Amino acid sequence: MPDKRLSSHAYISLSECDQAIAFTFNSKVIKARSDDTIASALHAAGIGILSRSFKYHRPRGLYDGYGLGADLLLAVDGTPNVRGDKTRVEDGMDVRSQNAWPSPDFDAMAVNNTLVPLLPNGFYYKMFHRPKWLWPIAEKFIRKAAGIGAIDTTGETVDTRYEKRYRFPDICVIGGGPAGLASCLAACQEGKHVLLVEEDPQLGGHSVHTATKVANCQDDRLNGLSEQDAAGAIWDELKTYKNLEILTSTVVFALYEDNLIAAQSKHDLYKIRAGAVILAPGATDRHLVFENNDIPGIMTGRGVERLITMHGVKPGTRAVVIGNHDGVYHTAMLLQGAGVEVLVVADSRSDAATTEAARIVNENGTPIQPLSTIHAAKGRKSVNGAVIGDIAGKVEHASYRCDLIVIAAGFKPQLSLLSMGRVQPGWDEERQVFRVEKLPDGLYSTGDVHGTASFAQLYKEGKAVGLAAAQGAEQPQSVRSKEDIIVALPADIPAKGKHHFICKCMDVTRAEACASIAEGFDRVETLKRYTSMGMGPCQGKMCYEAVARLAAEDTGLSTSVAVPTTVRPPYIPVSFGVLAGRSQHLIPIRRTAMHDMHQQAGATFLNAGQWKRPHSYGDVQREARSMREGLGIIDVSTLGKLGISGPDAIDFLQFMLPGKFRKLATGKIRYSAMIGEDGILFEDGTLAHVKEGYYYMSTTTGNQDAIRSLFWWWIVTTDFDVKIDNLGPIFAAVNISGKNSRKLLEKLVDIDMSTEGFPYMSTRNATINGVPVMLFRIGFTGELSYEIHFPSEYGEAMWTHIMAEGAEYSIKPFGIETQRILRLEKGHLLPGIDTDALTNPYEAGVGFTIKDNKDDFIGKAFLKNFKDRGIENKLIPYKLSAGDAIPSDGVAILKAGKITGRVTSSRMSPILGYGIGLAWVNVDQSTPGTKIAIRLAGGGDVIGEVLDHAAYDPEGVLLKS
Amino acid sequence: MAKQMWRTYDLKKTYDIVIIGGGAHGLATAYYLAKMGVKNVAVLEARYPGYGGSGRNTAILRSNYRTEEGIKFYDQSLGLYENLSTELNYNLMFSQQGHFTLGHTESSTSGLVTRAENNKALGVNSFMLTPQEIKKKLPEINISSHARYPILGALYHPPGGIIRHDAVVWAYGRGADKGGVEIHNLTEVQDILVKNGKVEGVKTNRGTIYAKKVISVVAGWSSEVCRLAGVKLPFVTHPLQALVTESYKPWLHHVVVSSTLHIYLSQTDRGELVCGDGIDGYPHYGMRSTLGFMEAFSAHVLELFPILHNVKVQRQWAGLCDMTPDYSPIISPIDEIEGFYVNGGWGTYGFKASPASGFNTAKMLAEGKVPDMIKPFSYNRFGENRLVGEKAAASVSS
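Residues numbered from 1 in each chain as written. Chains lettered and ligands numbered in written order. Predicted model: local features only at pLDDT ≥ 70, side-chain atom pairs only at ≥ 80, totals over all residues. Heavy atoms only, no water.

(A) Spatial organisation of the overall build of chain B. Along its length, chain B carries 11 helices and 18 strands. In summary, chain B has a C-alpha radius of gyration of 21 Å against a globular reference of 21 Å for 398 residues, a match within 12%. Projected onto its principal axes, the C-alpha coordinates of chain B cover approximately 65 × 55 × 40 Å. A burial count over chain B gives 68% of its 398 residues as buried. Sequence separation of 24 or more characterises 77% of the internal contacts of chain B that already satisfy a separation of 6 or more. As presented, chain B carries roughly 12400 Å² of accessible surface, and 52% of it is formed by carbon and sulfur atoms. Here chain B contributes 40 positively and 35 negatively charged side chains, and the mean placements of these two sets differ by 3 Å. (Helix = DSSP H or I, 4+ residues; strand = E, 2+ residues; numbered from the N terminus. Rg over C-alpha atoms; globule rule 2.2 N^0.38 Å. Buried < 20%, exposed > 50% of the residue type's maximum accessible area, 1.4 Å probe, protein only. Contact = heavy atoms within 4.5 Å. Areas by Shrake-Rupley, 256 points an atom, 1.4 Å probe, with all protein chains shown as cover. Lys, Arg positive; Asp, Glu negative; His and termini not counted. Charge placed at Lys NZ, Arg CZ, Asp CG, Glu CD.)

(B) A look at the domain arrangement of chain B. All names here are of chain B. Examined at the domain level, chain B breaks down into domain 1 (14-58 + 166-235 + 325-394) and domain 2 (96-160 + 236-323). A separation of 29 Å is found between the C-alpha centroids of domain 1 and domain 2. Counting from both sides, the interface comprises 21 residues of domain 1 and, opposite them, 18 residues of domain 2. Taken together, both faces of the contact between domain 1 and domain 2 bury some 1500 Å²; the carbon and sulfur share is 60%. On the domain 1 side of the contact with domain 2, Arg56, Thr58 and Phe235 bury the most area, a combined 38% of that side's loss. Between the two partners, domain 1 and domain 2, sit 0 salt bridges. Among the secondary structure elements, those contributing two or more residues to the side of domain 1 that touches domain 2 are helix 7 (222-227) and helix 11 (391-394). The element best represented in the side of domain 1 that touches domain 2 is helix 7, accounting for 3 residues. (Domains from an automatic or database assignment. Buried area = accessible area lost by both parts, 1.4 Å probe. Salt bridge = Lys/Arg side-chain N within 4 Å of Asp/Glu carboxyl O.)

(C) Expanded view of the interface of chain B and chain A. In this complex, chain B contributes 97 residues to the contact, which on the side of chain A involves 108 residues. Of all residues in chain B, Arg148, Lys249 and His309 of chain B give up the largest surface area on contact with chain A, accounting jointly for 9% of the area buried on that side. Inspection of the region where chain B meets chain A yields 11 salt bridges. Here Glu246 of chain B makes a salt bridge to Arg83 of chain A, at a shortest N to O gap of 3.0 Å. Across the chain B-chain A interface, the total number found is 53 residue pairs in polar contact (both at pLDDT 80 or more). The leading source of residues in the side of chain B that touches chain A is helix 8 (residues 291-304) of chain B, at 11 residues. (Polar contact = N/O pair within 3.5 Å; in protein donor to acceptor, adjacent residues only side chain to side chain.)

(D) Structural detail: the sheet that holds strand 15 (residues 272-279) of chain B. In spatial order, the strands read 31(A)-16(B)-12(B)-15(B)-14(B)-13(B)-4(B)-6(B)-5(B); together these 9 strands make up an open sheet with mixed pairing. Both edges of this open sheet fall to strand 31 (574-575) of chain A together with strand 5 (127-129) of chain B, since each of them pairs with a single strand only. The sheet contact formed by strand 12 (residues 236-247) of chain B and strand 16 (residues 312-323) of chain B spans 10 bridges and is antiparallel. Considered in strand 16 of chain B, the bridge of Ala242 of chain B is made with Trp317 of chain B. Each of strand 4 (99-103), strand 5 and strand 6 (153-157) of chain B touches helix 4 (residues 106-121) of chain B; the most contacted strand, strand 4 of chain B, lies at about 140° to it. (Pairing = 2+ DSSP bridges. Axes fitted to C-alpha atoms, helices over the stretch in contact; angles between N-to-C directions.)

(E) Region of interest: the side chain of Gln241 of chain B. When you line up the elements, Gln241 of chain B lands in strand 12. At 2.9 Å, the side chain of Gln241 of chain B forms a polar contact with the side chain of Thr290 of chain B.

(F) Spatial organisation of the environment of His206 of chain A. Residues and elements named next belong to chain A. You can see His206 is positioned in the loop between strand 10 (194-197) and helix 5 (227-238). Overall, His206 belongs to the buried group, its relative accessible area being 16%. When sequence neighbours within four positions are dropped, the list of residues in contact with His206 reads Pro178, Glu227, Arg302, Asp448 and Leu458.

(G) Spotlight on the environment of Thr354 of chain A. Along the chain, Thr354 of chain A turns up in the loop between strand 19 (341-347) and helix 8 (356-363). Between the C-alpha atoms of Thr354 of chain A and Ser709 of chain A, which are 355 residues apart in sequence, the distance is 72 Å.

(H) Just the sheet that holds strand 14 (residues 268-273) of chain A, in detail. Read across the sheet, 4 strands follow the order 8-14-13-12 (chain A) without closing on themselves; strand pairing throughout is mixed. Two strands in the sheet have a free side with no partner beyond their single neighbour: strand 8 (163-167) and strand 12 (251-256) of chain A. Across this sheet, the average inter-strand angle for adjacent strands is 20°, counted without regard to direction. Bridge count for strand 8 of chain A against strand 14 of chain A is 5 bridges, and the pairing is parallel. Paired with Glu163 of chain A across the bridge in strand 14 of chain A is Asp268 of chain A. Sitting on the sheet, helix 8 of chain B touches strand 8, strand 12, strand 13 (260-265) and strand 14 of chain A, and the angle it makes with strand 12 of chain A is about 120°.

(I) Here's a closer look at the domain arrangement of chain A. Splitting chain A by domain gives domain 1 (159-284 + 412-488), domain 2 (596-636 + 730-759 + 767-839) and domain 3 (872-960). The C-alpha-based centres of domain 1 of chain A and domain 2 of chain A are spaced at 63 Å.

(J) Molecular detail of helix 3 (residues 134-145) of chain A. Its 12 residues place the ends of helix 3 of chain A 17 Å apart at the C-alpha level, agreeing with the 16 Å of an ideal helix rising 1.5 Å per residue. Buried within helix 3 of chain A we find Trp135, Ala138, Glu139 and Arg143 of chain A. All buried residues of helix 3 of chain A lie within an arc of 140° about the axis, which places them on one face of the element. In helix 3 of chain A, the exposed positions angled more than 90 degrees off the buried face are occupied by Lys140, Phe141 and Lys144 of chain A. Elements in contact with the buried residues of helix 3 of chain A: strand 14 (263-267) of chain B. Directly beyond the C-terminal end of helix 3 of chain A, a positive phi value near 90° is found at Gly147 of chain A. (Expected span 1.5 Å × (residues − 1). Arc of directions from axis to C-beta.)

(K) Focus on the packing of aromatic side chains. Going through the model one piece at a time under the given rule, you end up with 38 aromatic pairs over all chains. Here the aromatic cluster, defined as three or more aromatic residues joined through ring pairs, consists of Phe123, Tyr124, Tyr125, Phe521 and Tyr530 of chain A together with Trp6, Tyr90 and Trp170 of chain B. (Phe/Tyr/Trp six-rings, centres within 6.5 Å; stacked < 30°, edge-to-face > 60°.)

(L) Expanded view of the pattern of salt bridges. This structure, assessed with the given rule, holds 75 salt bridges over all chains. Here Arg167 of chain A and Glu245 of chain A are joined by a salt bridge, their closest N and O atoms 2.8 Å apart. Residue Arg167 of chain A is found in strand 8, and its partner Glu245 of chain A is found in strand 11 (residues 244-247); the two are separated by 78 residues along the sequence. Residue classification places Glu245 of chain A among the partly exposed positions, given a relative accessible area of 24%. One salt bridge in this structure joins Arg7 of chain B and Asp177 of chain B, with 3.1 Å as the shortest N-O distance. With Arg7 of chain B in the segment before strand 1 (14-20) and Asp177 of chain B in helix 6 (residues 165-178), this residue pair connects regions lying 170 residues apart in the sequence. For Arg7 of chain B, a relative accessible area of 39% translates into the label partly exposed. A network of salt bridges, in which partner residues are shared, links Glu817, Arg820, Asp889 and Arg907 of chain A together with Glu106 of chain B.

Here it is, written out as structure tokens:
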């Protein structure tokens, strides 16, 4: 295989050719330079076909060398769909081709290509659906053939470390080409904190492969330097500014509202919030549509320039160069200097170029064909010829045998990020490009994105825009001279042939687009969806201009009203790993102040909302029994806790809650349901009047954030003068429950603990071991219980102290699962578990908390409606017989084969020795004593008996003792 | 030359029925009207067919809802979908690959059990699977108990799947056109003419037209359109975001949904993973994408499928959802205005309803009386406080 590395170049100096790196491509060892991309190294090694196209499996090779298209999607070290021309080689890399079997050179699926004439446009909608049974079979084959890269299911790369980083510059400049660099300079000189983000490893943009000398620049020291050196000089100057940070090899993939910029640097996600943003993304080679425009061996002007100047690779041996502007001679000159025989320069213009490069090209003996352009490329797997003719595509001028066709048809602004600024680009007839003139406030744009221009002009404009951004001024208008403007060629050179590919990613031809328009898909948006052009891996970055122009043309409109389809983030595909960052989950884990104590005691944990709570400490049934028989303790720190005070506190509570609380004396507690505006029961809790005018409300764990937000929402939207303290995280809490709880409390505190002195549903202040605590005589378990609330920082000390003091009564911790059994024995409902989004509170049995003969309160109107309607369904406690299977939560209740209800909570009661639960049933099944058939998940029924009371201690004697 | 999907017409002065909105529901309504023999019908579309939710959803179909009303309605819809490619002679690529709803908490799993039982009782194929059974069908899923929210079980629904959403719009449009319905694109309704409690017609950017019956079928824009007739709807409009990855060799052959993790994903026949999240937490008409959505989705999907860490997102977008208080739609006459109807409130679950919505809406318009199937979805139910509770089954949009 001939080595295509250049040892020298006639017109420019090349960087050292070290060839120090080795990697494998489909198991073959390839030598590479450290500054190679995978694609440049493969090209140097003479490998022309790197991948196959999506639909027809047509061969794909190096095209723009910039990763805009999807020509070179490869699997690298197990990662699929890596862009070969954007990715630097690394020593030992394992690179594999995708979507081709057995190899990209001989791809069996290329048979699709020969079927092209048989497939109508939109064929996938027109085939395989009749008869009906055919589709599932056809689909299996289609799914086998579909897709580009293979997801690595081995999981070997899963431990990649991803990181999120944050920046808050005054000004963020996106793009380090001449205009971007100049605007950086201006903003830095104004003393602003500036962040420059550049996609490439080096700064300079297209200047790094441009040997043209800078002239007429306002900064005189740059005049006479090559553009390469001028960009280097600015870079050197920028390095002296301490108020500038430069991120290279970092690609901005999205611009969101309020100047939020998202950028990727390898495995890192940068989230940048900038005061002002300067967009200088530049322009890239136009995608020219003509017959066979997708064959390997066709490359863009900048593509070959990059290959030669940055990687020292000779792009081909015999080249035909197609162009329509002076820059094409620079490209031709670089080709000649690299030893490529340039057979012809086909220039669509009538007048010959007068640049230095044009003179050299001419001197080297290359003929220049005016008023000419390409009609067709020849070849199957690679280019072996080119046909040149007139621009109208009617008259052929000449044919050439060549292995390289260079398309230098001008440049299209890289509009992706500008479009994300929510502005629709329009066709600028004068400048012959799609352009966004004015962005919303805080966003600026400069450079080739307004049409290409000379280095001097870009520098001048960049400086002015940088200054404007620093001063918060209007964006200065961009100016382009007549010489700067490149008159666009037809988007499709209309010579004969059926392979004019508009979209190379999805293999969509002009003919297919036209046929689709004839079917009625006559807007660029529907045309795109129907043919899927512009929807492949490049997302239109390569073809947007051609798509928009041709869609306009073929639907009978002029280019001047053409619009590209909306650009959506991300600008380049970004992995889930980068977006997710280090966390595997965004919901934080919340632990109580006593978490470690539970862990030491052998607890297993469950998720209660964001919280980790002890499920149990081993044997649930034993835990439940031991609490009933003696003394238990449970960590209830996760309850929501709100302190409510202020002049209107009681009015606010009267409005928020369905009950009446004006007469709630200090030191007293009341249970309350919480009702939504729709009259639905969505939460419950207790309200304690802890001291004159100060109320302390506890809510359930799962709802604590929602309730807090709800209360705050009502405060800010009404006139209530109320203060709410969110005490949820500030106070830890335990509940001590069981016969011996009073005895333990008497040891712990120094207040009257007698039934009369501290009755059920009342609250007291006390101190335990010097720590101030609030005591609440409430309980969910049905036993004599006390809840102790105290500052969270004493969590472990308090737990340890209580456990030590309780040892003589054999105190045992119990978990949530045990508590659920205990509360079920008492028939207490749990909001969210025994209720749903439509629960009528009267039907749920909490009507006693609703006092609807008071002034307006939340839910009043709908509660009246519920009350008037009467009970239709009911939440009832039930019991099973000893020995019955315990149904799972959620199973159905049936009557005569029809579902009439459902079980919401179902457990085995250790103390009673049979299954108990709560269930929603139709009202005609709710009379105590009714037998209900509960359908087990695995089939078969168990019969429950409806109770009218708690299964355990129905009178509440123990609780109130 | 292939035949045109739909023809273009001049606007007539009068129609029997005017359908505002050329999405899947509007065009399905038009198609079934034509099939029922009602010919003088116009569909007025402000932009192009499928601009709104029909072209922005994630194309998941299923019928395993929770309430009897919901289950029966969506079961009819799924049944119509199953035969739609053949009926409309257009390959809609309905991939009946099976649908998982994962349960990660006791309460959500209990809700899934209730759905399984209700489905079973009404003849819908939907049942619970254990984590090990899930793993058999989805070998790469993470069922570890160390996950932030471990998987406790799943509701599995074999007939659920995905379809090519744009194709549904186009095929209904073509069918309606064939049946004589006029589809008017770029025709924006600017006012709805009401006189003496009766609808008279609509004013558009192309002129005023008269009709005995006018129906709004515009999903996310329902509040705005119905306001033109003076009708206030109990809708709150939220954005809903989605994303799609690059194309990969098909690896995932089921729809996977997790409401605890707020995610759902499936892989199309083209190899792209189509993914979505719950609605954005704020009402908004701007169809804007956010970074927060992509970050949250990514973190959550990696909890389920860690191997996807180097799979790349290619595009993100947003649509609008008109949410009702009970997560069920409105398909109903408006009593106050004779001849004015509303089909809306489709929230995040409208696309899968398109055929049943179109069929029953057409029946309602053609026969002048509300079919039993959609009686529960009346406009008046909110005033009467007779809601259809699909919140548990419809949240997280899938």
